Amino acid sequence: MTGRLEGKVVAVTGAGSGMGRAFAVALAREGAAVGVIDLDADAAAGTARMVAAAGGRALAATADVSLRAQVVEALDGLVAEFGGLDVVFNNAGFNRPMRLLDVTEENWRSIMDVNALGCLIGIQEAARLMIAAGRGGKIVNTASIAGRQGYPDFAPYSASKAAVISLTQAAARGLAEHDITCNAFAPGVVGTPLWDRLDRDLLDLGVSERPGQAMADFGSDILRGRVATAEDITGTAVYLASADSDYLTGQVIMIDGGMVLV
């Protein structure tokens, strides 16, 4: 721990598991007070306990990021508890793969509502609080390699993550006058509950033939020679939350082990 985030208040959506949980713990170890926001109240509480066990401060909150009123309530609660808001990670997201020609309106809307609309709402509501406080801030969005290139069994997800990248650029331009930066990072294959579910879904779709094959196939071209763990991404998360990235805005950091070279 270096205390790079000492005195900062950071909100992380989708913090009940996977990357969000790893971020919450890593940010707290650097001195941040962390708002642990998740759709699953028990999962959020579990992450908050992990933060406390690591010597940090956390407040658990429940919110569906596609519902503005719930996001406002969660962020307002964090401000009331810790006295401000310096950094927001719009990390909540999910995927339900379907073959391209089978994608339904319901599948499209459910993924876009959480991944794209949820990101927009998170940007807007965080920025409103930061602007009112008058001390700037940082917004960090979770994109994906799927936002850089489309996958036929992940079409809505790919579109949603491309939207996250565009929203990141738009927010960087629109919020610069308020000393608010907006950046994103784009993971590839990360061993989290999301990928565990994807592996089962792709097996059910007949895309893969055995458990674990989907992740192995997707990860076969990773230059680093293995899929990522959530902890592989935390260094980038801390960097984007810290003063070290103050001059960075409107950018997408590819952290995929070398899957997509752009």
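Residues numbered from 1 in each chain as written. Predicted model: local features only at pLDDT ≥ 70, side-chain atom pairs only at ≥ 80, totals over all residues. Heavy atoms only, no water.

Labelled according to an unreviewed UniProt entry, the protein chain appears under the name Meso-butanediol dehydrogenase/(S,S)-butanediol dehydrogenase/diacetyl reductase, originating from Kineococcus rhizosphaerae. UniProt, in the comment section headed Sequence similarities (unreviewed entry), describes the protein chain in these words: "Belongs to the short-chain dehydrogenases/reductases (SDR) family." (UniProt positions renumbered as here; feature names shortened; annotations may be inferred.)

**Student:** Run through the side chain of Asn95, naming residues and quoting values.
**Tutor:** Position of Asn95 relative to the elements: it lies in the loop between strand E4 (87–90) and helix H4 (105–133). When neighbours within four sequence positions are excluded, Asn95 is seen to be in contact with Ile111, Phe154, Tyr157, Leu198 and Asp201. (Helix = DSSP H or I, 4+ residues; strand = E, 2+ residues; numbered from the N terminus. Contact = heavy atoms within 4.5 Å.)

**Student:** Please provide a residue-by-residue account of the pattern of salt bridges, values included.
**Tutor:** Scanning the model with the defined rule gives seven salt bridges in all. The partner of Asp232 in a salt bridge is Arg226, with the nearest N and O atoms 2.7 Å apart. Relative accessible area serves as the criterion here: at 31%, Asp232 is assigned to the partly exposed category. Sharing partners across several salt bridges, the network here consists of Arg68, Glu125 and Arg128. (Salt bridge = Lys/Arg side-chain N within 4 Å of Asp/Glu carboxyl O. Buried < 20%, exposed > 50% of the residue type's maximum accessible area, 1.4 Å probe, protein only.)

**Student:** Outline helix H6 (residues 193–205), listing residues and values.
**Tutor:** Compared with an ideal rise of 1.5 Å per residue, which puts 13 residues at 18 Å, H6 spans 18 Å between its outermost C-alpha atoms and is within 8% of the ideal. All buried positions along H6 are accounted for by Trp195, Leu198, Asp199, Asp201 and Leu202. Contacts made by the buried residues of H6 are with helix H7 (213–218). Phi turns positive, to about 85°, at Gly206, one or two residues after H6. (Expected span 1.5 Å × (residues − 1).)

**Student:** Run through unusual backbone geometry, naming residues and quoting values.
**Tutor:** Notably, Asp179 is not glycine yet its phi reads approximately 60°, a positive angle. Looking at the element boundaries, Asp179 is found in the loop between helix H5 (155–175) and strand E6 (180–187). For Asp179, a relative accessible area of 55% gives the class exposed.

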